[in-house]
Amino acid sequence: MNFSVELAPKHPCGLLLANPVMTAAGTFGYGTEIEDEHLFDIQKLGAVVCKGTTLEPKKGNLQPRLVETASGLLNSIGLQNIGVAALIREKAPIWVKWRVPVIVNIAGETLSDYAKLAMRLDGVAGISGLEVNISCPNIKAGGAEFGANPDSAAAVTRAVRKATSLPILVKLAPNTSDISRVAVAVAEAGADAISLINTLRGMAIDIHRRRSVLGNITGGLSGPAIKPVALSMVYQVAGVVDIPVVGCGGITTAQDAIEFIMAGASAVQVGTASFANPSVFLDILKGIKQFMQKEGIKDVSEFIGVVSG
Amino acid sequence: MKQIIAKVISNTRILKELERRRALKRPQPRDVLGSYLLWLDCPELTPKAKPGQFVMVRCGGKTILPRPFSIHQVNNKGNIALFFAVWEDGKGTNWLSQRHIGSKVELFGPLGVDFSIRSDSRNLLLVAGGIGIAPLYFLAQEAVKKTRSVTLLLGAATASQIYPKNLLPSRIKTVITTEDGSAGKKGRVIDLVPEFIDRADQVFACGPIPMYREMYLQRRKFLKNKPTQVSLETVMGCGRGVCYGCTIKTKKGLQEICRDGPIFDLDDIM
Ligand SMILES: Cc1cc2nc3c(=O)[nH]c(=O)nc-3n(C[C@H](O)[C@H](O)[C@H](O)COP(=O)(O)OP(=O)(O)OC[C@H]3O[C@@H](n4cnc5c(N)ncnc54)[C@H](O)[C@@H]3O)c2cc1C
Ligand SMILES: Cc1cc2nc3c(=O)[nH]c(=O)nc-3n(C[C@H](O)[C@H](O)[C@H](O)COP(=O)(O)O)c2cc1C
Ligand code: FES
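Worth saying up front: this structure is predicted, and the values here are computed from it rather than measured.

### Comments concerning the sheet that holds strand 6 (residues 79-87) of chain B
All names here are of chain B. One open sheet accounts for seven strands, arranged 4-3-7-1-2-6-5; its pairing is antiparallel. Edge positions in the sheet fall to strand 4 (67-70) and strand 5 (73-74), since each has one partner strand and no second. Direction of pairing for strand 1 (residues 2-15) relative to strand 7 (residues 104-111): antiparallel, over a ladder of six bridges. Across the sheet, Gln3 pairs through a bridge with Phe108, a residue of strand 7.

### A few points about the interface of chain A and chain B
Counting from both sides, the interface comprises 29 residues of chain A and, opposite them, 22 residues of chain B. Secondary structure elements with two or more residues in the side of chain A that touches chain B: helix 1 (32-37), strand 5 (66-69), strand 6 (72-75) and helix 8 (273-276) of chain A. In terms of residue class, the side of chain A that touches chain B is built from ten nonpolar, 14 polar and five charged.

### As for the sheet that holds strand 3 (residues 21-23) of chain A
Residues and elements named next belong to chain A. Read from one edge of the open sheet, eight strands run 3-16-15-10-9-8-7-4, paired in parallel fashion. Lying at the two open borders of the sheet, with one neighbouring strand each, are strand 3 and strand 4 (48-49). One ladder, built from four bridges, connects strand 7 (residues 102-106) with strand 8 (residues 129-133); its direction is parallel. By the bridge assignment for strand 8, Ile106 is matched with Val132. Across the sheet, helix 6 (residues 227-238) lies against strand 10 (193-196) and strand 15 (245-248), angled at about 170° from strand 15, the strand it touches most. Each of strand 3 and strand 16 (267-270) touches helix 9 (residues 280-295); the most contacted strand, strand 3, lies at about 165° to it.

### Description of helix 4 (residues 150-163) of chain A
Residues and elements named next belong to chain A. In this model helix 4 runs 20 Å from its N-terminal to its C-terminal C-alpha over 14 residues, within 8% of the 20 Å that 1.5 Å per residue would give. When helix 4 is considered as a whole, its buried residues turn out to be Pro150, Ser152, Ala153, Ala154, Val156, Thr157, Ala159, Val160 and Ala163. The elements touched by buried residues of helix 4 are helix 3 (111-121), strand 8, strand 9 (168-171) and helix 5 (179-188).

### Digging into the site of ligand 1
Within the structure, ligand 1 sits among 23 residues, and B:Ser70, B:Gly90, B:Gly92, B:Thr93 and B:Ala134 are positioned closest to it. Near ligand 1, the surrounding residues belong to chains A and B. At the level of elements, strand 4, strand 6 and helix 2 (91-97) of chain B are the ones that each hand at least two residues to the shell around ligand 1. Split by residue class, the shell around ligand 1 holds 13 nonpolar, six polar and four charged.

Calculation criteria
Residues numbered from 1 in each chain as written. Chains lettered and ligands numbered in written order. Predicted model: local features only at pLDDT ≥ 70, side-chain atom pairs only at ≥ 80, totals over all residues. Pairing = 2+ DSSP bridges. Helix = DSSP H or I, 4+ residues; strand = E, 2+ residues; numbered from the N terminus. Contact = placed C-beta atoms within 7 Å. Nonpolar A, V, L, I, M, F, W, Y, C, P; charged D, E, K, R; others polar. Axes fitted to C-alpha atoms, helices over the stretch in contact; angles between N-to-C directions. Expected span 1.5 Å × (residues − 1). Buried ≥ 20, exposed ≤ 12 C-beta atoms within 10 Å, placed from the backbone. Near = placed C-beta within 6 Å.

As structure tokens, this is what we get:
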């Protein structure tokens, strides 16, 4: 059976994963933590996506940063990260030794932030690709998310494209009125693949204290609660772009992952589910293999997007 | 760290429900429905477990996040005990309290940093507010093994919330206080500290943040500059240092409670 998937078929070097199961940005640190734990063999993953990285280190938001909601998790971490310089200095040398490709998730507040990040990471050994998080507020445009409209999403993609020769995934935000148009714009602007979805904006209130639970007032919703939304967005986007799509949002079981692949995803990312079950990735991978065996499927590509409109 | 499925050896309610609103005469958003002593068979975990460390328990039911619990006791048969309060509408703790003998519980650990007993500390003072006895019990056991002399100050709202005397660790001195005076001395556990501090070489505390704050603000009275370690709590996502959900500011910079803690020097966090 062939589990490998190509995420950047239009890129000269490509981005070939040994299997379609990846980690989701911000839920797996830098991948280096789990190595110290000897919990499972990280090399068995399709790819590792690291914590969202900014030009300068970020301290993140006030506590509380997490709150469990019905079938979901609200987080307002605030992009706490060590910054691009420390990432290149401390993490990339570890990644060089890995077989599993590492994709660096980047985040900025201006177009030039994104361009600078892409430039700094270009050619750094140990990095196989970039994932561009466009769910960040565009400071110069009054704080609206870059990903909220096709023009600004395309502008970020172009800026990154120009600055790096690495394969780029652009990660779409669900907080937009028309995700298909954003996806098409991003694809035309030179993205090698599209990943989706990032968290949905949400909120929880402590009725005894009469204030928002999260220190940052609002946060991003993840987990099973967002799965149907994510699935339909993957389905929609896969129908309008001709580049690979990576599905993410509430994936907890192999069945969930297979649903996303059938909706059109070439690979999946798992985040929240790994908190309760740190080795969930391998459980999902095993489940996909069993499914393929039972159904007589020889290659993952045989069932990518089989559910189509 | 290991991720395992552990068999429940016993799960007993050892403290009954606390009607806090009545007992404390001040508004409490949530009541405690009882506190349980849960013994789990996990020989994979016990060799590495140290006092102050915790485990993350996947609680099933409608929970999404695993729940952190201190390692309360370890025995030489490869078992660990958790001691946990069940919160009114607490999804995870209610689920956990309903696990019967022989059922399976998924968990991973041991996690975090342990309490550290200095090599020159002879006399240890342990200060437990309410459920705060959870990690201090294990510490007391280990300290006794290392031939230290241990005094445990144990405080609770009312007599029904005091850890059963027959279950307390042996070979330590225990002093009890209750806020309503229904058992031991009347008052808060922290008010007992000055009486015992002179003899102590090191202090270890587990209780609510306001207790730590008061200890720190009046450290001359309470602590007389004795080195003090405390256990901190926040909501946790991963428990393994990968989500940054539990980050706090300390004098040493940003730290993750799950990885750089949960045990901290009191001076560093205030
Ligand atoms: C390192 C550490 C060790 C702990 N050790 C113990 C122990 O030994 N015994 C014990 O009774 N309790 C302990 N706690 C607190 C315990 O984790 C919470 O009481 C428990 O998570 C509540 O879960 P619930 O499902 O009943 O509540 P819910 O209200 O359903 O919980 C919702 C969310 O909030 C979190 N949460 C709620 N209260 C707390 C809290 N006080 N601290 C951290 N997270 C919380 C839950 O984990 C969950 O993610 C510890 C906490 C930490 C951080
Ligand atoms: C604690 C936490 C931190 C996250 N940090 C980032 C981040 O830095 N960059 C990013 O693009 N997405 C981030 N995400 C979003 C996830 O990568 C993912 O898109 C989302 O959680 C949905 O997937 P899930 O339901 O499997 O968690 C974060 C999610 C969580 C829960
Ligand atoms: S709980 Fe995830 S970093 Fe501490």
